[in-house]
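# Close look at the chain arrangement
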Amino acid sequence: MIRTKLHSTNPIERLNGEIKRRTDVVGLFPNEASIRRLVGAILMEQTEEWTVQRGRYMTLETLAPVCDDPIVSLPAAQPD
């Protein structure tokens, strides 16, 4: 089960495509800080999506059997 999730790079490719799409819309950035803000915001959005979709990709629970520390806990979801 874990091997099939590690084998696929689709989530990373999709993330890279989204970063490219959103930076292409802007075109020319005034400075390096503005690029970092945009890409950082995209990465935060993606992290939130992956956190909500716990069963879709690798989670702490699915990695627990191969982990040195068998105690796995997730923080409680915070309402928006």
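Described below are features of the structure shown in this document. (Residues numbered from 1 in each chain as written. Predicted model: local features only at pLDDT ≥ 70, side-chain atom pairs only at ≥ 80, totals over all residues. Heavy atoms only, no water.)

### Details of the packing of helix α2 (residues 10-26) against helix α3 (residues 32-52)
Stated precisely, the cut-off is as follows: Angles shown run from 0 to 180 degrees and are taken between the N-to-C directions of axes, each axis being a line fitted to C-alpha atoms and, for helices, limited to the stretch in contact. Helix and strand assignments come from DSSP, with helices taken as H or I runs of at least 4 residues and strands as E runs of at least 2, each series counted from the N terminus. Handedness of a crossing follows from how the near helix is turned relative to the far one, being left-handed for an anticlockwise turn of less than a right angle and right-handed for a clockwise one. Contacts are assigned to residue pairs with any non-hydrogen atoms lying within 4.5 Å of each other. Residue polarity is assigned by list, with Asp, Glu, Lys and Arg as charged and Ala, Val, Leu, Ile, Met, Phe, Trp, Tyr, Cys and Pro as nonpolar; anything else, Gly included, falls into the polar class.
At a minimum axis distance of 10 Å, the contact between α2 and α3 shows a crossing angle of 145°. With respect to the hand of their crossing, α2 and α3 are arranged in right-handed fashion. Residues Pro 11, Leu 15, Glu 18, Ile 19, Arg 22, Thr 23 and Val 26 of α2 lie in contact with α3, whose contacting residues are Leu 38, Val 39, Ile 42, Leu 43, Glu 45, Gln 46 and Trp 50. Taken together, the residues of the contact of α2 with α3 break down into nine nonpolar, two polar and three charged.

### A closer look at the environment of Pro 11
Let me state the cut-off plainly: In this scheme, a residue with accessible area under 20% of its type's maximum is buried, one over 50% is exposed, and one in between is partly exposed, where area comes from a 1.4 Å probe on protein chains only.
Residue position: Pro 11 is located in helix α2. Exposure remark for Pro 11: the relative accessible area of 13% places this residue in the buried category. Placed 35 residues apart in sequence, Pro 11 and Gln 46 show a C-alpha to C-alpha distance of 9.7 Å.

### Some words on the pattern of salt bridges
Defined as follows: Salt bridges are defined as contacts in which a side-chain nitrogen from Lys or Arg sits within 4 Å of a carboxyl oxygen from Asp or Glu.
By the definition in use, this model includes five salt bridges. With a shortest N-O distance of 2.8 Å, Glu 18 and Arg 21 are connected by a salt bridge. You can see Glu 18 and its partner Arg 21 sitting in helix α2, three residues apart, about one turn around the helix. When the shortest N-O distance is used, the salt bridge between Glu 18 and Arg 22 registers 3.4 Å.

### Remarks on the nonpolar core
Nonpolar side chains in soluble globular proteins tend to be buried together. Rule in force here: Only buried residues count toward a nonpolar core. Its members are Ala, Val, Leu, Ile, Met, Phe, Trp, Tyr and Cys residues joined through side-chain atoms within 4.5 Å.
Of all hydrophobic cores here, the largest spans six residues; its members are Leu 15, Ile 19, Phe 29, Leu 38, Val 39 and Ile 42. Looking at this core, the elements with two or more residues in it are α2 and α3. Looking at this core, the element that brings in the most residues is α3, giving three residues. Setting aside residues no more than four positions away along its own chain, Leu 15 makes contact with Ile 42, Leu 43, Gln 46 and Trp 50.

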